[in-house]
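Summary of structural features
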Amino acid sequence: MKLEVTINNQKHTLDIHPGDRLLDVLRRDGFTGVKEGCGDGNCGACVVLLNGNPVNSCLILAARVQHQQITTIEGIGNPQKPHPIQIAFADKGAVQCGFSTPGSILSTFSLLQKNPKPTDQEIRRALDGNLCRCTGYVKKIEAIKSLLND
Ligand code: FES
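Definitions and cut-offs
Position numbers for residues start from 1 in each chain and track the written sequence from start to end. Under the rules for a predicted model, residues below a pLDDT of 70 receive no local features and side-chain atom pairs below 80 are neither given nor counted, while totals for whole chains, interfaces and linings still include all residues. Domain boundaries shown here were taken from an automatic or database domain assignment. Under the scheme used here, helices are H or I runs from DSSP no shorter than 4 residues and strands are E runs no shorter than 2 residues, and both carry numbers assigned from the N terminus. Under the scheme applied here, ten amino acids are nonpolar (Ala, Val, Leu, Ile, Met, Phe, Trp, Tyr, Cys and Pro), four are charged (Asp, Glu, Lys and Arg), and all others, including Gly, are polar. In this scheme the burial state of a residue depends on its C-beta neighbours within 10 Å: 20 or more other such atoms mean buried, 12 or fewer mean exposed, and anything in between means partly exposed; the C-beta positions come from the backbone. Two strands are said to pair when DSSP picks up at least two bridges between them.

When its domains are assigned, the protein chain resolves into domain 1 (2-74) and domain 2 (84-148). Computed over C-alpha atoms only, the centres of domain 1 and domain 2 are separated by 21 Å. Listing elements by their share of the side of domain 1 that touches domain 2, those giving two or more residues are strand E3 (47-50) and strand E4 (53-56). Among the elements that line the side of domain 1 that touches domain 2, the one with the most residues is E3, at 3 residues. Considered class by class, the residues forming the side of domain 1 that touches domain 2 number 9 nonpolar, 6 polar and 1 charged.

Here is the structure:
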């Protein structure tokens, strides 16, 4: 079947099988910033934004996102032009292996779009689906809070 979807503000028409997961379709189309960790909805490595909201792409059938808007980490920034959230994560040491980083940054991006001045509790709640076994969460929270002072 054909999937028509907007990814990072560009329209794509992709050949998919009805049972394909969104995670696999995105990676197959070159969006390899989307990571697979657990594959069962528990780690958040596969988080992308669906119409601006964080979702675990390992749990979503690609066919379900017909004509919808997806944002991956590639749509947020890149090494040549990083997003301020990416700069803050790097500056505060909130990145180590990098596997959970794209999902954490996308969750943060979504949070700050909706709530530019979140409380500590709101930040923690926004990140509670993004597991990280390297940096933990303190540095990520520090990075996000550093953005609130601007
Ligand atoms: S790979 Fe999707 S939540 Fe872990």
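On a regular strand, one side chain projects to one face of the sheet and the next to the other, so that they alternate. Going residue by residue along E3, you find Val47 and Leu49 tucked away on one face and Val48 and Leu50 tucked away on the opposite face as well. With 4 bridges joining them, E3 and E4 adopt antiparallel strand pairing. Following the sheet pairing, leucine 49 is matched in E4 by proline 54. Here E3 folds back onto E4, and the loop between the two strands holds 2 residues, one of which, asparagine 51, carries a positive phi near 55°. Note that E3 and strand E5 (residues 69-71) share 2 bridges and pair antiparallel. Pairing of leucine 50 across the sheet is with isoleucine 70, part of E5.

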